[in-house]
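Residue-level structure breakdown
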Amino acid sequence: MGSARPPEGAHPAPHGGRSLSRAAVQRALLHPLAKPLVFAVWLLPFAWLFWAAAADRLGANPAEALIRSLGDWTLRALVLVLLVTPLRVSLGWPALARFRRMLGLFVFFYATLHWLAYVWFDMGFDWAEVVADIPKRPFILVGTLAWLLLLALAATSFNRAIRALGAPRWQALHRLVYAVAVLAVLHFFWMRAGKHDFNEVAVYAVLFAALLGWRAWRRWGAPQGRGVSSRI
Ligand code: HEM
């Protein structure tokens, strides 16, 4: 017997012209190949960096280029994962929710590669040095805090963890992604402070302020928006 449940992220049948295109987007998002496609796209930066490192195409300072590039991809993935709910709600694309966990795990994936590249190329896998560097440099301290929070989120991102914690506690825990965004911008800011180069930092600060501000507005500003804060 087939299940009576609609597919994950499915929505009642829409009406009207705008709803027709919305239905088409919804169908595309629910396509069985949509998730594998997003997965493959988000592996591309890793594949490109791996190839560039192996082919010695990372410039004069490959270690620095690799660490920085992986940090940039972590931030980009973080922006995207925080965009899912605003897009889902304001454009009426509920099926976008299916991609949130995968994108969140990509944030963790790139953050972990970024950290491993630092541990390998900057610290030579000297764990005593790695630990000593944390209190020494504020940007390393906040980066490490952000990564530890991501580790907690990734470790509890599976259905069994959601069942074990219960939905309200799981949702409260996963709101820590907002703290990750703040720490990530602080990490970037402190890292660039020595060079007084804040242009890119400002772009990310504005993006995260908008993404977190939208949630604050839905929670406390818009009367009909209550409840969105439980979604990441
Ligand atoms: C959520 C976690 C993190 C994010 C989003 C992040 C992001 C970034 C970004 C955007 C950059 C600058 C890239 C550029 O200049 O284009 C960067 C640089 C850097 N990050 Fe992270 N980072 C994170 C965690 C960490 C951790 C855990 C460490 C190590 C403990 C770390 C160590 C570094 C280092 C060493 C650099 C390069 C500094 C330099 O080249 O002078 N980051 N990170």
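As the structure is a computational prediction, the values presented were derived from the model and not from experiment.

Take the overall build of the protein next. Tallying secondary structure elements over the protein gives ten helices and zero strands in all. Going residue by residue from the N terminus, the α and β elements of the protein occur as α-α-α-α-α-α-α-α-α-α. Burial statistics for the protein: of 232 residues in total, 22% are counted as buried. Nonlocal contacts in the protein, meaning residues at least 24 apart in sequence, comprise 61% of its contacts between residues at least 6 apart.

This part covers the site of the ligand. The environment of the ligand is made up of 23 residues, and the closest members are Arg68, Gly71, Gly143, Ala146 and Ala184. Of all the secondary-structure elements, those providing two or more residues to the shell around the ligand are helix H3 (62-91), helix H4 (100-122), helix H6 (138-155) and helix H9 (176-193). With seven residues, the top contributor of residues to the shell around the ligand is H3. By residue class, the composition of the shell around the ligand is 13 nonpolar, six polar and four charged.

Okay, the environment of Thr74 next. As for its placement among the helices and strands, Thr74 is situated in helix H3. Look at Thr74 and you get buried, because 27 C-beta atoms sit within 10 Å. Linking Thr74 and Phe109, residues 35 residues apart in sequence, is a C-alpha distance of 8.0 Å. With near-sequence residues (within four places) excluded, Thr74 lies in contact with Val107, Tyr110, Ala111 and His114.

Looking now at the confidence of the model for the protein. Per-chain confidence: the protein averages 91 in pLDDT, with 88% of residues scoring 70 or above. A low-confidence stretch, residues 1-6 (pLDDT under 50), is modelled with zero contacts involving residues beyond four sequence positions or located in other chains.

Here we take up the nonpolar core. Leu78, Val107 and Ala184 are the most contacted members of the largest nonpolar core, which has 37 residues in total. Looking at this core, the elements that each hand over two or more residues are helix H2 (34-54), H3, H4, H6 and H9. Examining the composition of this core, we find that ten residues originate from one element, H3, more than from any other.

Before going further, it helps to spend a moment on H2. Relative to the 30 Å expected for 21 residues at 1.5 Å per residue, H2 spans 30 Å between its end C-alpha atoms, a close match to the ideal helical length. Its axis deflected by about 30° at Leu44, H2 carries its strongest bend there, up to four residues before the proline Pro45. One or two steps after H2, the chain reaches Asp56, where phi turns positive at roughly 55°.

Moving on to the packing of H6 against H9. Interaxial distance between H6 and H9 falls to 8 Å at its minimum, and their mutual angle equals 155°. It follows that H6 is roughly antiparallel to H9 by the angle criterion. Here the hand of the crossing between H6 and H9 comes out left-handed. Contacts from Pro138, Phe139, Val142, Gly143, Leu145, Ala146, Leu149, Leu150, Ala152 and Leu153 in H6 reach Leu176, Val177, Ala179, Val180, Leu183, Ala184, Leu186, His187, Trp190 and Met191 in H9. Of the residues assigned to the contact of H6 with H9, the class counts are 18 nonpolar, two polar and no charged.

Turning next to the packing of H3 against H4. Two elements in contact, H3 and H4, have axes whose closest approach is 8 Å; the angle formed by their N-to-C orientations is 160°. Of the possible angle classes, the one that applies to H3 and H4 is roughly antiparallel. Crossing of H3 against H4: the hand is left-handed. From H3, Ala63, Leu66, Ile67, Leu70, Gly71, Trp73, Thr74, Ala77, Leu78, Leu80, Val81 and Val84 reach across to H4, where they touch Arg100, Leu103, Gly104, Phe106, Val107, Tyr110, Ala111, Leu113, His114, Ala117, Tyr118 and Phe121. The residue makeup of the contact of H3 with H4, split by class, is 19 nonpolar, four polar and one charged.

This next bit is on unusual backbone geometry. In the Ramachandran plot, Phe125 falls in the positive-phi region, its phi being about 55° despite a non-glycine side chain. Position of Phe125 relative to the elements: it lies in the loop between H4 and helix H5 (127-136). Here His196, not a glycine, exhibits a phi torsion of approximately 50°, which is positive. Positionally, His196 belongs in the loop between H9 and helix H10 (199-221).

About the criteria used
- Residues numbered from 1 in each chain as written.
- Predicted model: local features only at pLDDT ≥ 70, side-chain atom pairs only at ≥ 80, totals over all residues.
- Helix = DSSP H or I, 4+ residues; strand = E, 2+ residues; numbered from the N terminus.
- Buried ≥ 20, exposed ≤ 12 C-beta atoms within 10 Å, placed from the backbone.
- Contact = placed C-beta atoms within 7 Å.
- Near = placed C-beta within 6 Å.
- Nonpolar A, V, L, I, M, F, W, Y, C, P; charged D, E, K, R; others polar.
- pLDDT = per-residue confidence, 0-100.
- Core = buried A, V, L, I, M, F, W, Y, C linked by C-beta atoms within 7 Å.
- Expected span 1.5 Å × (residues − 1).
- Bend = angle between axes of the 7 residues up to and from the residue.
- Axes fitted to C-alpha atoms, helices over the stretch in contact; angles between N-to-C directions.
- Parallel < 35°, antiparallel > 145°, perpendicular 65-115°, else oblique.
- Left-handed = near helix turned anticlockwise from the far one by under 90°.

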